[in-house]
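Listed here are the chains, written in short residue letters.
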Amino acid sequence: MEQISKDKLPRHIAIIMDGNGRWAEKRSLNRIAGHRTGIKKAKDVIRSCRELGVQVLTLYAFSTENWKRPEIEIKALMTLLKRFLRAEGKEMIQNNIRLNTIGNINDLPTDVAEVLKEVMLKSKNNTGMVLNAALSYSGRNDIIQAVKKIAGHVQQGKITATQINEEVFSRYLFTSGLPDPDLLIRTSGELRISNFLLWQMAYTEIYVTDVLWPDFTKKDLIDAIKDYQRRERRFGLTQHQIKTGSSST
Ligand code: FPP
């Protein structure tokens, strides 16, 4: 496998793991079989990102909209998630991975939330990589909950309205303390953001592949990173400014 350059490695990769259902339907299996294989692929990607030296990996595991799915599918996803946490928790701790979550964790069944909290607590001092699981997450909800917290702090006099800027606002989001994603990977070909990290993805490079998530391999991950490394990130500046390192000309 062709190697990737280590000096332009994305610090933070976010993934929309889409296509589990279609993968299963293509094989005349039920959707749960797709999720089961999807979890295996999530494990592989976590391991690969850790090996490559990625600092933060955010996985969109369950959106607030996903609560509208059939109850049987939600139940199966929650069972799979709990099993994943039980089995992988130990490995995460050994591999120096810190588990973090974004979203409304209290919406999850109590037993799942408990295992989550336990792994988060046990891994809290790990420094190798952050595995950031988006669970019952919605980008709009993230912004609203941040606004509510800020409004509360303004009311209590902890902060003044004039002090609110982008940096301050970011600290109120679920992703507080994490860098914004450099690269978003979306599988299964859909050209949508799907209410993911709306504020945080202002300058994220987007990579969409037709590969369905249960078919996603380390090679697909490397291809996405190589594609990212070929891009020129300008953050609103001109090409000349980027090349000369000057923002005034
Ligand atoms: C999208 O496929 C996938 C999901 C809604 C669930 C993804 C979750 C996992 C793979 C579990 C991993 C979780 C962790 C924390 C490691 P879909 O069902 O929308 O597929 P479709 O669009 O083909 O129907």
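Preceding this paragraph is the structure being described.
These figures come from a predicted structure and were not determined experimentally.

## Section: the site of the ligand
As a structural note, the neighbourhood of the ligand is formed by 16 residues, with Asp-18, Gly-21, Arg-22, Arg-31 and Arg-69 the closest of them. With respect to the ligand, the backbone of Arg-22 contributes an N or O atom lying 2.8 Å from an oxygen atom. For the ligand, the protein covers 91% of the area, taking 620 Å² as the surface of the free molecule. For the shell around the ligand, the secondary structure elements donating two or more residues are helix 1 (20-26), helix 2 (31-52) and helix 3 (71-94). The biggest single contributor to the shell around the ligand is helix 2, with five residues. For the shell around the ligand, a count of residues per class yields six nonpolar, six polar and four charged.

## As for the pattern of salt bridges
One pass over the structure, following the stated rule, counts 18 salt bridges. Glu-88 serves as the salt-bridge partner of Arg-47, at 3.5 Å between the closest nitrogen and oxygen. Pair noted here: Arg-47 is in helix 2 and Glu-88 is in helix 3, with a separation of 41 residues, a long-range link. Judged by relative accessible area, which is 11%, Glu-88 ranks as buried.

## What to know about the packing of helix 2 against helix 7 (residues 218-229)
Angle between the axes and distance between the axes: these two values describe a pair of packed helices. Their axes nearest at 10 Å, the elements helix 2 and helix 7 cross at an angle of 50°. In terms of their interaxial angle, helix 2 and helix 7 are classed as oblique. The crossing of helix 2 and helix 7 is right-handed. Residue-level contacts link Ser-48, Cys-49, Glu-51 and Leu-52 of helix 2 to Lys-218, Leu-221, Ile-222 and Ile-225 of helix 7. Taken together, the residues of the contact of helix 2 with helix 7 sort by class into five nonpolar, one polar and two charged.

## Here we look at the packing of aromatic side chains
One pass over the full model with this rule turns up eight aromatic pairs. Ring geometry for Tyr-60 against Phe-196: centres 4.1 Å apart, planes inclined by 10°, an arrangement best described as stacked. With Tyr-60 in strand 2 (residues 56-63) and Phe-196 in the loop between strand 5 (183-186) and strand 6 (205-208), this pair connects stretches of sequence that are 136 residues apart. For the pair Tyr-60 and Phe-196, one class covers both residues: buried. Residues Tyr-203 and Phe-235 carry aromatic rings whose centres are separated by 5.4 Å and whose planes lie at 55° to one another, so their mutual orientation is tilted. With Tyr-203 in the loop between strand 5 and strand 6 and Phe-235 in the loop between helix 7 and helix 8 (239-244), the pair connects residues that are 32 residues apart, well separated along the chain. An aromatic cluster is defined as three or more aromatic residues linked by ring pairs; in this entry it consists of Tyr-60, Tyr-137, Phe-174 and Phe-196.

## Points about unusual backbone geometry
Backbone geometry at Asn-96 places phi at a positive 65°, although glycine is not the residue there. Within the fold, Asn-96 resides in the loop between helix 3 and strand 3 (97-102). We note that Ser-136 has phi near 50°; this positive angle belongs to a residue other than glycine. Tracing the chain through its elements places Ser-136 in strand 4 (residues 129-137).

## A look at the sheet that holds strand 1 (residues 12-16)
With respect to topology, six strands assemble into an open sheet ordered 3-4-2-1-5-6, the strand pairing being parallel. For this open sheet the edge positions go to strand 3 and strand 6, each flanked by a neighbour on one side alone. Between one strand axis and the next, the sheet turns through 20° on average, direction left out of account. As paired elements, strand 1 and strand 2 share five bridges and run parallel to each other. In the strand pairing of strand 2, Ile-13 is matched with Leu-57.

## Describing a nonpolar patch on the surface
Residues Leu-191, Ile-206 and Val-208 make up a contiguous nonpolar surface patch of about 290 Å² in total accessible area. Its place among the elements puts Leu-191 in the loop between strand 5 and strand 6. The exposure class of Leu-191 is exposed, given its relative accessible area of 75%.

Procedures and definitions
Residues numbered from 1 in each chain as written. Predicted model: local features only at pLDDT ≥ 70, side-chain atom pairs only at ≥ 80, totals over all residues. Heavy atoms only, no water. Near = heavy atom within 4 Å. Polar contact = N/O pair within 3.5 Å; in protein donor to acceptor, adjacent residues only side chain to side chain. Areas by Shrake-Rupley, 256 points an atom, 1.4 Å probe, with all protein chains shown as cover. Helix = DSSP H or I, 4+ residues; strand = E, 2+ residues; numbered from the N terminus. Nonpolar A, V, L, I, M, F, W, Y, C, P; charged D, E, K, R; others polar. Salt bridge = Lys/Arg side-chain N within 4 Å of Asp/Glu carboxyl O. Buried < 20%, exposed > 50% of the residue type's maximum accessible area, 1.4 Å probe, protein only. Axes fitted to C-alpha atoms, helices over the stretch in contact; angles between N-to-C directions. Parallel < 35°, antiparallel > 145°, perpendicular 65-115°, else oblique. Left-handed = near helix turned anticlockwise from the far one by under 90°. Contact = heavy atoms within 4.5 Å. Phe/Tyr/Trp six-rings, centres within 6.5 Å; stacked < 30°, edge-to-face > 60°. Pairing = 2+ DSSP bridges. Patch = residues over 30% accessible without salt bridge, like charges linked within 9 Å, V, L, I, M, F, W, Y side chains within 5 Å.

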